[in-house]
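# Descriptive analysis of the structure
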Amino acid sequence: AMTTERILSQNGFTQEKINIGILAGLMHDIATPALGDATKQVDPQNLDEEKHWMETMDQNGRRLLESYDTNQSEMGKIIKNEGVLGKVLDISDRITYTMKDMHEIIGPVRGNTSANFYVDIEEFIGVLSNFPKIGNIYQDVGADQKNEDVFFNNPDRLRAFLLLRALLHQKLYMHPVSLGRDLFVKRLIEPLYSPDEGSGKPLSPHNLRQMTDHDLKKLIYSYYFSSSYDQSNPHSHAEAFFQSIVNWHPEFEKFATFEDAKKKERQLRKNANIAVLGIKNSNGFDPATTYKVADGYKYVEFREFNPTGARQIEAIAKSTKGIFLFWADVSEDNPTNTLLKAVLKNN
């Protein structure tokens, strides 16, 4: 919301439009289910926050929209990144999560306190050493209200930002360890979930949008460990349970075809000491090299302006694509393996 406000303000938008942009920034992820992306994988259509954001709004929420001189239709288009306000929101979102996650990763990793110790930060440091104030890239964003064009005035800083964002996807968001952990959480949730609100199962699209992360963790923990569930302190037990997942590193292999992955999966399932979580197809991510940059008096796509830089970023995006098989050796008796066996037994 703050980043959107800055971009719209510096481009001469009216206060009414700025207020709508702020509201969109606050609301665009409001329907994200508890535990976020891992949960969405259970049912991508029914748990899509952009499609179902209005379900989180009661009568007061609808009045709020009206008080900002907007409505469900207009706000829905902005949240789906349509129009000039939607394009600004898209850029603001990417700037914000990139810089927030960089802040959270680099400090803890340097202090060896992060569970994501598989993240190599040296390439991040290389980019940041050349652009130490890269978070100020929002100052480079221009917006042409008449033509609904959004562009960047500093192509060099855009290249650095897109590279930093691509590295985050490669080394964290879409790293196989992260994909495996998300698949673990998906497996945890699946037996508890139904898209049908009247199914009798404890999780549905509606209540997942209403729950906090802590609520969902406690529910999952009580389901898998009801016999040892300590009602006196459910929060700490559930948090410890999920911390073990954060610290867990799955075994994985990347395959060119789904058939090859299934063949390896069948082999692994013959081994009683192997717990197979399953296969996940990673489709990569949008490298955003189609963002426009100012080139004299015209706007051109970044990949046209700087083909070499764009190819580097697009190559990173391509490297995250693939078909992955995840499993774990559960022959040793330890808490993590106990969790894995409990999850797979219930699936």
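Described in the following lines is the structure provided in the data block. Just so it is clear, the model here is predicted, and its values are computed rather than measured.

## Some thoughts on the overall build of the chain
- Check the secondary structure of the chain and you find 16 helices and 7 strands.
- By the compact-globule yardstick of 20 Å for 347 residues, the chain fits well, its C-alpha radius of gyration being 22 Å.
- Along the first, second and third principal axes, the C-alpha atoms of the chain reach 65 × 50 × 40 Å.
- Every one of the 347 residues in the chain was classed for burial, and the buried ones make up 49%.
- With the model as given, the accessible surface of the chain reaches about 17400 Å², and the carbon-plus-sulfur share is 47%.
- A gap of 4 Å separates the mean positions of the 41 positive and 47 negative side-chain charges of the chain.

## What to know about the packing of helix H1 (residues 2-10) against helix H2 (residues 15-27)
- Interaxial distance between H1 and H2 falls to 8 Å at its minimum, and their mutual angle equals 160°. Relative to H2, the element H1 is oriented roughly antiparallel. As H1 packs across H2, the resulting crossing turns out to be right-handed. Taken together, the residues of H2 that come into contact with H1 (itself represented by Thr-4, Glu-5, Leu-8 and Ser-9) are Lys-17, Ile-18, Gly-21 and Ile-22.
- For the contact of H1 with H2, the per-class residue count stands at 3 nonpolar, 3 polar and 2 charged.

## A look at unusual backbone geometry
- Even without being glycine, Asp-69 reaches a positive phi, approximately 60°.
- Mapping Asp-69 onto the fold places it in the loop between helix H4 (59-67) and helix H5 (72-79).
- Residue classification places Asp-69 among the exposed residues on the basis of a relative accessible area of 62%.
- One non-glycine residue, Glu-148, lies in positive phi territory at about 55°.
- Turning to its location among the elements, Glu-148 is positioned in the loop between strand E1 (141-144) and strand E2 (149-152).

## Things to note about the pattern of salt bridges
- Applying the stated criterion across every chain yields a total of 19 salt bridges.
- Ionic pairing is found between Glu-49 and Lys-40, a salt bridge with its closest N-O pair at 2.9 Å. Lys-40 shares its class with Glu-49; the two are buried.
- For the salt bridge of Lys-100 with Glu-104, the shortest nitrogen-to-oxygen distance reads 3.1 Å.

## Quick look at the packing of aromatic side chains
- Taken as a whole and assessed by the stated rule, the structure comprises 9 aromatic pairs.
- Plain terms: the ring middles of Phe-151 and Tyr-299 are 4.0 Å apart, the flat faces sit at 15° to each other, and that makes the pair stacked. Of the two residues, Phe-151 is situated in strand E2 and Tyr-299 in strand E6 (residues 298-301); the sequence distance between them amounts to 148 residues.
- Residue classification places Phe-151 among the buried residues on the basis of a relative accessible area of 8%.
- Taking the relative accessible area as the measure of exposure, Tyr-299 reaches 31% and is therefore partly exposed.
- Seen from their ring centres, Phe-184 and Trp-248 are 5.0 Å apart, and the 70° between their planes marks the pair as edge-to-face. With a gap of 64 residues between them, Phe-184 in helix H9 (residues 176-189) and Trp-248 in the loop between helix H12 (234-246) and strand E3 (251-255) connect regions that are remote in the sequence. You'll find Phe-184 and Trp-248 in the same group, each marked buried.
- Members of the aromatic cluster, each reached through a chain of ring pairs, are Tyr-221, Phe-241 and Phe-242.

## Let's talk about the sheet that holds strand E4 (residues 274-283)
- Spatial strand order, E3-E7-E4: 3 strands in an open sheet with antiparallel pairing. The sheet is open, and its two borders are formed by E3 and E4, each paired with just one other strand. Between one strand axis and the next, the sheet turns by 20° as a mean value, whatever way the strands run.
- Sheet topology places E4 next to strand E7 (residues 321-329); 9 bridges connect them, and they run antiparallel. Bridging across to E7, Lys-280 finds its partner in Phe-324.
- The sheet contacts of helix H13 (residues 258-269) involve E3, E4 and E7, and relative to E4 the element is tilted by about 170°.

## Observations concerning the side chain of Ser-204
- Along the polypeptide, Ser-204 turns up in the loop between H9 and helix H10 (205-210).
- For Ser-204, the side chain forms a polar contact with the side chain of Glu-197, separated by 2.6 Å.
- Beyond its immediate stretch of four places on either side in the chain, Ser-204 contacts Tyr-193, Ser-194 and Glu-197.

Conventions and cut-offs
- Residues numbered from 1 in each chain as written.
- Predicted model: local features only at pLDDT ≥ 70, side-chain atom pairs only at ≥ 80, totals over all residues.
- Heavy atoms only, no water.
- Helix = DSSP H or I, 4+ residues; strand = E, 2+ residues; numbered from the N terminus.
- Rg over C-alpha atoms; globule rule 2.2 N^0.38 Å.
- Buried < 20%, exposed > 50% of the residue type's maximum accessible area, 1.4 Å probe, protein only.
- Areas by Shrake-Rupley, 256 points an atom, 1.4 Å probe, with all protein chains shown as cover.
- Lys, Arg positive; Asp, Glu negative; His and termini not counted.
- Charge placed at Lys NZ, Arg CZ, Asp CG, Glu CD.
- Axes fitted to C-alpha atoms, helices over the stretch in contact; angles between N-to-C directions.
- Parallel < 35°, antiparallel > 145°, perpendicular 65-115°, else oblique.
- Left-handed = near helix turned anticlockwise from the far one by under 90°.
- Contact = heavy atoms within 4.5 Å.
- Nonpolar A, V, L, I, M, F, W, Y, C, P; charged D, E, K, R; others polar.
- Salt bridge = Lys/Arg side-chain N within 4 Å of Asp/Glu carboxyl O.
- Phe/Tyr/Trp six-rings, centres within 6.5 Å; stacked < 30°, edge-to-face > 60°.
- Pairing = 2+ DSSP bridges.
- Polar contact = N/O pair within 3.5 Å; in protein donor to acceptor, adjacent residues only side chain to side chain.

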